[in-house]
Amino acid sequence: MSANINHFDILRQPVITEKSYSGTGAANQYTFRVARKATKTQVKAAVEAVFEVKVDRVQVINMPSKPKRRGAHTGARSGYRKAVVRLAEGHSLEVAEEV
């Protein structure tokens, strides 16, 4: 990825699940789907620039594709990459609180 990449190309969308919401409380963690080739430093820079917060830690997970079937036809749902971002003390995001 080039140095001139847009921050919104790195951050695709927030992950909205019960498990991701459990980390927003005391742990101050937020989960995002990110670009496949995004690195931890690029994710950190994108979150800090877009939301104007201080990021403490980033964990990146490659989610595998899942096999799917409809009748006799088989296929696979595409995999994706997600990032769990922990914010520094005193910082929070309104992304997860609006839902």
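Please read all numbers here as calculations on a predicted model, not as lab measurements. (Residues numbered from 1 in each chain as written. Predicted model: local features only at pLDDT ≥ 70, side-chain atom pairs only at ≥ 80, totals over all residues. Heavy atoms only, no water.)

A. The arrangement of the overall build of the protein chain in detail. A tally of helices and strands in the protein chain yields three helices and six strands. Beginning at the N terminus, the succession of helices and strands in the protein chain can be written as α-β-α-β-α-β-β-β-β. Along the first, second and third principal axes, the C-alpha atoms of the protein chain reach 55 × 35 × 20 Å. Burial statistics for the protein chain: of 99 residues in total, 30% are counted as buried. Counting only contacts in the protein chain whose residues sit at least 6 apart along the sequence, the fraction spanning at least 24 positions is 61%. Accessible surface, the protein chain: about 7000 Å² in total, of which carbon and sulfur atoms supply 48%. Positive and negative side-chain charges of the protein chain, numbering 17 and 9 respectively, have mean locations separated by a distance of 17 Å. (Helix = DSSP H or I, 4+ residues; strand = E, 2+ residues; numbered from the N terminus. Buried < 20%, exposed > 50% of the residue type's maximum accessible area, 1.4 Å probe, protein only. Contact = heavy atoms within 4.5 Å. Areas by Shrake-Rupley, 256 points an atom, 1.4 Å probe, with all protein chains shown as cover. Lys, Arg positive; Asp, Glu negative; His and termini not counted. Charge placed at Lys NZ, Arg CZ, Asp CG, Glu CD.)

B. Representation of the pairing of strand E4 (residues 66-70) within the structure. The element E4 is largely exposed, with a buried count of zero among its five residues. When E4 meets strand E5 (residues 73-77), the two strands line up antiparallel, connected through five bridges. Bridge pairing in E5 places Arg-70 opposite His-73. What sits between the antiparallel neighbours E4 and E5 is a turn of two residues, in which Gly-71 has the positive phi angle 70°. (Pairing = 2+ DSSP bridges.)

C. Representation of the nonpolar core within the structure. Within the largest apolar cluster, 17 residues are counted, with the highest numbers of intra-cluster contacts made by Phe-32, Val-34, Val-43, Val-47, Val-85 and Leu-87. Elements that contribute at least two residues to this core include exactly strand E2 (29-34), helix H3 (40-51), strand E3 (55-63) and strand E6 (80-87). Leaving out residues up to four positions away in the same chain, Val-34 has contacts with Ile-10, Leu-11, Arg-12, Val-43, Arg-81, Lys-82 and Ala-83. (Core = buried A, V, L, I, M, F, W, Y, C linked by side-chain atoms within 4.5 Å.)

D. Broad picture of the side chain of Thr-31. Counting through the fold element by element, Thr-31 comes out in strand E2. Judged by relative accessible area, which is 11%, Thr-31 ranks as buried. The residues contacting Thr-31, other than those within four sequence positions of it, are Pro-14, Val-15, Ser-20, Lys-82, Ala-83 and Val-84.

E. The arrangement of the pairing of E6 in detail. Among the eight residues that make up E6, six are buried, leaving the element largely enclosed by the rest of the structure. For E2 and E6, the ladder comprises six bridges, and the chain directions are antiparallel. Bridged to Gln-29 within E6 is Arg-86. Summarising the sheet, E3 and E6 pair through eight bridges and their orientation is antiparallel. Looking at the pairing, Val-60 lines up with Ala-83 of E6.

F. Up close: a positive patch on the surface. There is a patch of like positive charges on the surface, built from Arg-33, Lys-66, Lys-68 and Arg-77. Counting through the fold element by element, Arg-33 comes out in strand E2. (Patch = residues over 30% accessible without salt bridge, like charges linked within 9 Å, V, L, I, M, F, W, Y side chains within 5 Å. Salt bridge = Lys/Arg side-chain N within 4 Å of Asp/Glu carboxyl O.)

G. Expanded view of the packing of aromatic side chains. What the rule picks out here adds up to one aromatic pair. In this structure, Arg-33 packs its charged tip against the face of Tyr-80, placed 3.7 Å from the ring centre. (Phe/Tyr/Trp six-rings, centres within 6.5 Å; stacked < 30°, edge-to-face > 60°. Lys NZ or Arg CZ within 6 Å of the ring centre and 35° of its normal.)

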